[in-house]
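Given next are the chains, with one letter for each unit.
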Amino acid sequence: MDAEQDSSTYITKQTYLALAFCLRPEVQEIAMALLMSLGYEGFEETQRGFRAYIPKEAFREAAIKETLAIFEPQSWSYTSEEVAPTNWNAVWEESYPAVYIEGFCQIISSFHEQKEDFTHTVWIDPKMSFGTGHHATTRLMVRHLQEMAVEGLRVLDMGCGTGILGILTAKMNAKEVVGIDIDPWSHENGRENIQRNEMGHKMEILLGDVSKIPAPSFQVILANINRHVLLADIPRYVECLTDDGILLISGFFPSDEAVIMPVATTAGLKQISQKQEGDWLSIRFQKV
């Protein structure tokens with residue numbers, strides 16, 4: 001993104017379009033993944049769906065209709081409006097309250113007050129990247145990690161977004177953390193957040209998809225993505241896990257468990273535990 005930034009202000013030079021999508025909860029994650037492939041650079045949840053951002057000159061209405069044609073025509077709609085060059089710092093302060101998870105982890109930005117009674121603090125300035133800790137899928141992953149020991153282990157964070165989960169494991173004394181995301185904006189923002197948390201000596205973020213997973217094996221793989229990607233990529237995750245390694249997944253609904261479990265079992269995984277918040281499910285597997 002063409003942008004101008006100093007230590008206190010982040011202002012885009014481009015004019016963006018903000019598209020407000022209204023669609024069923026069970027297809028929102030898939031829709032976001034599809035739109036990301038069209039160049040949409042950031043997503044923000046709303047009460048009826050989500051808002052997606054794209055440079056005005058990159059917007060193509062025909063591309064949206066073609067890409068979202070997998071859904072029933074009457075099941076989704078959108079409206080759009082221009083977003084003038086914007087002070088995103090002000091937007092963040094209005095849109096992102098701090099996230100506090102049971103005394104274990106606080107996910108805060110530079111404009112939040114840091115509390116003292118948390119084991120770990122993850123500093124996130126989300127800009128336009130997806131993954132601010134406010135979605136139930138991220139909280140579920142953090143609650144799983146609260147019950148795990150990752151000290152001295154190699155961790156892979158697939159679809160890392162702003163880097164929250166990978167940064168948290170680095171602060172939990174993981175030996176090495178690799179994040180991977182297909183979104184260039186998330187790649188850049190995640191790297192900035194790593195530096196903000198002073199975890200550059202432990203964590204790196206790669207730009208790409210599952211094909212970018214480094215050859216050495218991992219003891220823990222985190223994948224907070226969506227059902228579509230998980231079903232396609234679980235076998236590859238298992239290939240990259242050490243014996244008895246842990247795969248922790250989220251980003252899908254309880255009704256999706258029936259299709260995810262056969263794929264996981266066939267790939268060589270057994271379920272250890274699961275957690276649910278609202279309409280979202282997260283499962284912890286172990287390689288057998």
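Thoughts on the overall build of the protein
For the protein, the helix and strand inventory stands at eight helices and 16 strands. Relative to its 288 residues, the protein shows a buried fraction of 52%. Long-range contacts, defined as pairs at least 24 residues apart, comprise 66% of the intrachain contacts of the protein with a sequence gap of at least 6. When the accessible area of the protein is evaluated, it comes to approximately 12,900 Å², of which 47% is carbon and sulfur surface.

Regarding the sheet that holds strand β16 (residues 280–287)
In spatial order, the strands read β12-β11-β10-β13-β14-β16-β15; together these seven strands make up an open sheet with mixed pairing. The open sheet has two edge strands, β12 (203–207) and β15 (269–277), and neither has a second partner. Across this sheet, the average inter-strand angle for adjacent strands is 15°, counted without regard to direction. Pairing of strand β11 (residues 176–181) with β12 involves five bridges; the strand directions are parallel. From the neighbouring strand, G179 faces β12, where its bridge partner is I205. On top of the sheet, helix α7 (residues 227–239) reaches β10 (154–158), β13 (218–224), β14 (241–252), β15 and β16; it is set at about 170° to β14, its chief contact.

A short note on the sheet that holds strand β9 (residues 120–123)
Reading across the sheet, the three strands line up as β7-β8-β9 and stay open at both edges, with mixed pairing between neighbours. Each edge of the open sheet is held by one strand with a lone partner, namely β7 (99–101) and β9. For this sheet, the mean inter-axis angle between neighbouring strands, taken without regard to orientation, is 10°. Bridging between strand β8 (residues 105–108) and β9 involves four bridges; their strand directions are parallel. Across the sheet, Q106 pairs through a bridge with T121, a residue of β9.

Here's the deal with unusual backbone geometry
In this structure, E102 is a non-glycine residue whose phi angle is positive, near 45°. Locating E102 in the fold gives a position in the loop between β7 and β8. Unusually for a residue other than glycine, E198 sits at a positive phi of about 55°. Of note, E198 is situated in the loop between α6 (184–196) and β12.

Description of the environment of L38
Residue position: L38 is located in the loop between α1 (25–36) and β4 (42–45). Counting along the chain gives 22 residues from L38 to R60, while the straight-line C-alpha distance between them is 9.0 Å. Ignoring any residue separated from it by four or fewer positions in sequence, one finds L38 in contact with I54, A63, I64 and T67.

Some words on the packing of α7 against helix α8 (residues 257–267)
Close contact between α7 and α8 brings their axes to 9 Å; oriented N to C, the two are set at 10°. The orientation of α7 with respect to α8, classified from their angle, is roughly parallel. Contacts from R227, L231, I234, P235 and V238 in α7 reach V259, I260, V263, A264 and A267 in α8. Taken together, the residues of the contact of α7 with α8 break down into nine nonpolar, no polar and one charged.

Reading the values: the criteria
Residues numbered from 1 in each chain as written. Predicted model: local features only at pLDDT ≥ 70, side-chain atom pairs only at ≥ 80, totals over all residues. Heavy atoms only, no water. Helix = DSSP H or I, 4+ residues; strand = E, 2+ residues; numbered from the N terminus. Buried < 20%, exposed > 50% of the residue type's maximum accessible area, 1.4 Å probe, protein only. Contact = heavy atoms within 4.5 Å. Areas by Shrake-Rupley, 256 points an atom, 1.4 Å probe, with all protein chains shown as cover. Pairing = 2+ DSSP bridges. Axes fitted to C-alpha atoms, helices over the stretch in contact; angles between N-to-C directions. Parallel < 35°, antiparallel > 145°, perpendicular 65-115°, else oblique. Nonpolar A, V, L, I, M, F, W, Y, C, P; charged D, E, K, R; others polar.

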